[in-house]
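Chain and residue survey
Here is how the chains run, residue by residue.
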Amino acid sequence: MAAARETGKAVVKTGKHGVSRPPFMVGSIVRILMENFLTYSVCEVHPGPNLNVVLGANGTGKSSIVCAICLGLAGKPSFLGRADKIGLFVKHGCMKGVVEIELFKSPDNITITREIHVVNNASVWFINRKPATLKTVEEQIADLNIQVDNLCQFLPQDKVGEFTKLSKTELLEATEKSIGSPEMYQFHCELKNFREKERELENLCREKTTSLEKMKQRVERYKQDVERYHECKRHVDLIEMLERKRPWVEYENFREQHEEVKQYRNQVKKELKCLKEMQAPWTRKIQEVEEDLRNLDMKTRDNTAEIRNISQKYKEKQDALEMKDKQIEEINQAFRMKKDEETNRQKKIQQTQIIIEEWQNELDTMAACENLQPQIDAVNTELKKLQEERANIDNDISDLRAEKNSQEREEKRIIDRLGQLNNIMHMKEENLKMRFRDTHSALMWLRNNKDKFKKQTCEPMMLEINVKDSAHAKYIENHISDNDMRAFVFECQEDMETFLVEMRDHQKLRVNAVCAPAESYAETLPSRPIEELHRYGFYSYLRELFDAPPPVMNYLCYQYRIYDVPVGTQKTRDMIEKVIQETNLRQMYTAEERYIIKVSSYTKQNLSSNTCLREARYLTSSVDTDERGQLENQRQDIRNTVKSLDAHLTALFDRQKLLEHKDNKLRQEKKALLERGNRRRQLESKIGVKFDSLRQLEQDAIDLEKEFQLTNVKIKEINKQKSELVTELMHLMKKIIPLNVVKVALSLQMTRATAKKNRLQSEYKLKAAQLKAAQQRFYELDNKKQRLYEKCMELMKQARHVCRLGPGQDFPEEFQVAFQTLPNTLEEIDALLNEEKTRASCFTGLSSSVVEEYNKQTQEIQQLTEYLEGKKNELNNYKQNISQVKEKWLNLLKEMIAQINGKFSKFFSSMQCAGEVDLHMENEEEYEKYGIRIRVKFHHSTDLYELTPYHQSGGEKTVSTMLYLMALQELNRCPFRVVDEINQGMDPMNERRVFEMVVETACKKRTSQYFLITPKLLQNLTYNDKMTVLFVYNGPFMLETFKWNTKRFRKRQRRLSRMTE
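Just so it is clear, the structure is predicted and the values come from calculations on it, not from any experiment. Per-chain numbering applies: the sequence of each chain, read as written, is numbered from 1 onward. Predicted model: local features are reported for residues with pLDDT of at least 70 only, side-chain atom pairs are reported and counted for 80 or more only, and whole-chain, interface and lining totals are derived from all residues. For the side-chain quantities, the full set of heavy atoms in the structure was used; hydrogens and water were omitted.

Relative accessible area decides the class of each residue, using a 1.4 Å probe on protein chains only: under 20% of the type maximum gives buried, over 50% gives exposed, and in between gives partly exposed. A run of H or I in DSSP counts as a helix once it spans at least four residues, and a run of E counts as a strand once it spans at least two, with each numbered from the N terminus. The element strand β4 (residues 96-103) is largely enclosed, with a buried count of seven among its eight residues. When strand β1 (residues 29-37) meets β4, the two strands line up antiparallel, connected through six bridges. Opposite Arg31, over in β4, you have Glu102 as the bridge partner. Strands pair, by our definition, only if DSSP identifies at least two bridges between them. Strand direction decides the pairing type here: β4 and strand β5 (residues 110-117), joined by eight bridges, are antiparallel. Across the sheet, Leu103 pairs through a bridge with Ile110, a residue of β5. Between β4 and the antiparallel strand that follows it, β5, lie six residues.

Next up, the structure:
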């Protein structure tokens, strides 16, 4: 095949002399069309029906054909191992790609078309140019037995290594699907399902059998409890009948007592009536005496009231007489007080005169007042100067304090901002600790031991790098490897070695360290100014997006050339092809992607690859080091200023204290001068006040003689009133004596009447006691009769309730019959009741639930027995099915493995090696663990070893894989097989042998179509007319299709061959 550049079509070369190929197998690929797919703009491939060798240099698009086959036949992108999204297979810069596969089928071929849309990674399907669903396409492909997810049929380049990683079970299933008859894999699946169901039924039968045995044992225990329950029930029934009869017997006993009490009460009632008739005469006599007593009592009360009235008046007169005595005593007391007051006045006059005389003497002795005003004025002048100076100092102190407060507020703001920056640094350290604990431990050691190093040491780069804008962090993290992000940076190789010995050898920590180059690269200029790249959407180089210490920046510029890696926008992404062609940049960033451009060693053409940027993890929080340094300097300046202000304030405070001391001293001096001038005026004022007080005391004199005469006049007047009161008292005494005599006579009459009444009442009480006793007896009998009646009604109600009889319901005959067999007295009933209760109490822990549980368990045993029998029959059916299906499957399987083993052993023998394929099973009944085991031997001195991902070399695994696939080729019922670059790990001798086997096997009659993808072939290989060689030429420097000359190519080949010979 010769592929033109972007728009050229593939041309298929036929075999020698134009020999026609044999017909295609059903499902074989007749045509492959690719539009805007991976490296192709438009390309159409026409493979042959047998072996198709797809040959071309790396990067020309061989594997693109494999991808087209897989994706065009409903394969998943993940199976190819190249990308997880279908949109990534569309050619760069295009929004839609098309893959069209034409499959051979009689009478008309099937054409399956898949349109791939970059937006939303969507696909649109067509069958024979008509819209179809993915499910319809999958059904069509499955009908043709095409399995692009089966490594035995479709082995893409990125999945070659996974073939040897297949387990025995997976290899068996893949082989069954690939070459086995359709019913073989179905039999295998049925066997696994039947075996799983068989295990479930066996476990179920075991569980149910165990449960059935336990239930039978439980029912046997319940049987004894049920018999005891029935025996207990008989006793309980007898107790219930006795308890029903007992209230009836008790009711009959109380009814008989009621009748006896009723008769006796009627007899006492007659006696009570006779006694009441005999009591009437005595009652009338007592009533007459009581009437006389009431009259005498009224007279006595009237007499007593008059006596009380006179006594009250007598008492009032006597109280008035006592009041007059008190008035006389008060008059005398008032006179004595005036005498005492006059005596006190005389004493005060004498004391005042003495004080006046003393003050006058002091005033006389005091010298004439000297002139103190000049001294006072001088002191006032000095005080005024001190106050002015103190005011100035207060103003200075206020200004200095305001300045200090302002500086302290500014310092607090700076401290808060530094705290915020330190918090960001702390967050970065916590992120380091969480992700790289060993690195964090090494960081703590380094901070405490920096004195052990000769030159500057830098902490891990993720802590030292400060991104100017957090949105740019993802570019830096995608450009610098994770190992370097957590690496320590040293300026000296010796320091780095000292650090690594301590960390790795002594502390056993896994840390990274790098050494910055001695030559400075941090200031290296980019290949061109960034202004020249603005028209492509670039706005900065990586170096300008962050700050870092000089050693870190020097290392990054040397190692990653960050000074020459531009960062662009979405505009850059939109015109990326133009950017790659015109700028000759080797690395660049767009808004969300990273581009790496390399030059092809074949075509000298630029090859670009792009990857999506991952989100930033380490540098999202950054600290502005310039701002931090400025803040630290400002903080130190403020501290120096505050210190200077404190010294100035201290000097002002000392001066303020000195002035305050001088001020107090002058004020005391002024006070002493003022006191000296005021003392004489104070004495003159005090003497004047005392003279006024003395005149007032002399004016307040009392005339005692006059007061004595007035007192005598008042006392005589009161004595006259007292004599009048005594006369009235004597008159009242004469009136009260006759009244007391009458009171005594009435008392005697009351005594005689009361004695007569008492005598009559004594005789009456004797008769009344008999009457009362009869009444009491009657009341007691009546109450007893009522209580017995109520008790009878209560017992009747209780008895009917116990027997569950409704209102008006007759006593049931069954109770009458049952009661006849029971005792008729309470004592006998209670004795029998206690006996039965004692017997019933011996049956403890029994209830009606025992019988219910017994019946329930019996029913469940019957149901479980029937269920278990059904499951056992179902299990036998499954075992019969397994036996039948197993025989069919094993016959087919053993025949297939024998055929594979024959081919596989034959291929290995032809290479002077040995190989076997056999059926592997751990347990004959574990069908899901059956597998195919491949054993190979490449050296005569070794034994056969099972093919594993670890035992054989890469070339040996490749040869084994290829020969196994070849062994399947002739047996294969799949329409085609694809193997991509499997010969790359072989040595030339094995590659030649394997290629010859592939040609021989794939070019036989009635074999399926075969695609062998390879970038190279050995010289002088064996070819067959039935094979098709598809040369892939793709790229701007390849020869045009119309310029290809086969004759000249063969002529040159013969000439080279002669030269070689």
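Now, onward.
Backbone hydrogen bonds hold the strands of a sheet together, and the pairing may be parallel or antiparallel. Strand order in the open sheet made by the three strands is β19-β20-β21, with antiparallel pairing throughout. In the strand order of this sheet, the two ends are held by β19 (914-920) and β21 (945-946), each with one partner. Both β19 and strand β20 (residues 931-937) contribute to a ladder of seven bridges, which runs antiparallel. If you follow Ala914 over to β20, its bridge partner there is Lys937.

Further remarks concern unusual backbone geometry. That bond from Ser106 to Pro107 is cis: its omega, 5°, falls within 30 degrees of zero. Relative to the helices and strands, Pro107 resides in the loop between β4 and β5. The phi dihedral of Ala74 is positive, around 70°, even though this residue is not glycine. The residue Ala74 is located in the loop between α1 (62-72) and α2 (77-80) in this model. The phi dihedral of Asn128 is positive, around 55°, even though this residue is not glycine. Turning to its location among the elements, Asn128 is positioned in the loop between β6 (122-127) and β7 (130-132).

Bringing the packing of aromatic side chains into the picture now. Pairing of aromatic rings covers Phe, Tyr and the six-membered ring of Trp, with a centre-to-centre limit of 6.5 Å; geometry is then stacked below 30 degrees between planes, edge-to-face above 60, and tilted otherwise. Counted by the stated rule, this structure contains 11 aromatic pairs. Ring centres of Phe490 and Phe499 lie 5.1 Å apart, and the angle between their planes is 45°; on these two criteria the pair is classed as tilted. Accessibility expressed as a relative area gives 0% for Phe490, which makes it buried. What makes Phe499 buried here is its relative accessible area of 0%. When the centroid spacing of 5.0 Å and the interplanar angle of 55° are considered together, the rings of Tyr521 and Tyr558 count as tilted. Taken together, the residues Tyr521 in the loop between β12 (512-515) and β13 (540-541) and Tyr558 in helix α14 (residues 550-560) connect sequence positions 37 residues apart.

What follows is about the confidence of the model for the protein chain. The pLDDT value expresses, per residue, how confident the predictor is, ranging between 0 and 100. Averaged over all residues, the pLDDT of the protein chain is 79; the fraction at 70 or higher stands at 87%. Only heavy atoms enter the contact rule, under which two residues are in contact if any of them lie within 4.5 Å. Every residue in residues 1-22 is under pLDDT 50, and counting partners more than four places away or in other chains gives 55 contacts.

Moving on, we get to the UniProt feature "coiled-coil region" (unreviewed entry) in the protein chain. Per the UniProt record, "coiled-coil region" (unreviewed entry) is annotated on residues 198-278, 307-334, 369-417, 694-791 and 854-895. Annotated as 100% helix and 0% strand, the span residues 307-334 places its first and last C-alpha atoms 41 Å apart. UniProt positions are given in the numbering used here, feature names are shortened, and annotations may be inferred rather than shown by experiment.

What follows concerns the sheet that holds β4. Overall, antiparallel pairing links the six strands, which are arranged β2-β1-β4-β5-β6-β7 in an open sheet. With partners counted over all chains shown, the strands left at the sheet margins are β2 (40-45) and β7, one partner each. In this sheet, neighbouring strand axes are inclined to one another by 20° on average, regardless of whether the strands run parallel or antiparallel. Relative to β7, β6 runs antiparallel, the two sharing three bridges. Within β7, the residue paired with Trp125 across the bridge is Ala132. To get an axis, a line is fitted to the C-alpha atoms, and for a helix only the part in contact is used. The angle between two axes follows their N-to-C directions and goes from 0 to 180 degrees. On the sheet, helix α3 (residues 134-143) packs against β5, β6 and β7 and is oriented at approximately 55° with respect to β6.

This part takes up the nonpolar core. One finds Leu51, Trp889, Ile934 and Leu963 to be the most contacted residues of the largest nonpolar core, which totals 56 residues. Residue assignment for this core shows that the elements contributing at least two residues are β3 (51-55), α5 (168-179), α6 (182-278), α21 (848-910), β20, α22 (954-969), α23 (988-1002) and β23 (1009-1014). By residue number, the principal contributor to this core is α21, which donates 16 residues. For each domain, the first and last residues come from an automatic or database assignment. Looking at this core, you find at least three residues from each of domain 1 (28-165 + 972-1036) and domain 2 (196-236 + 817-881). Beyond its immediate chain neighbours, meaning those up to four positions away, Leu963 contacts Phe904, Phe907, Phe908, Met911, Val994 and Met997. Residues enter a nonpolar core if they are buried and are Ala, Val, Leu, Ile, Met, Phe, Trp, Tyr or Cys, with the set joined through side-chain atoms within 4.5 Å. Counting 50 residues, the second-largest nonpolar core is a separate cluster that includes Leu446, Leu500, Ala516 and Leu542.

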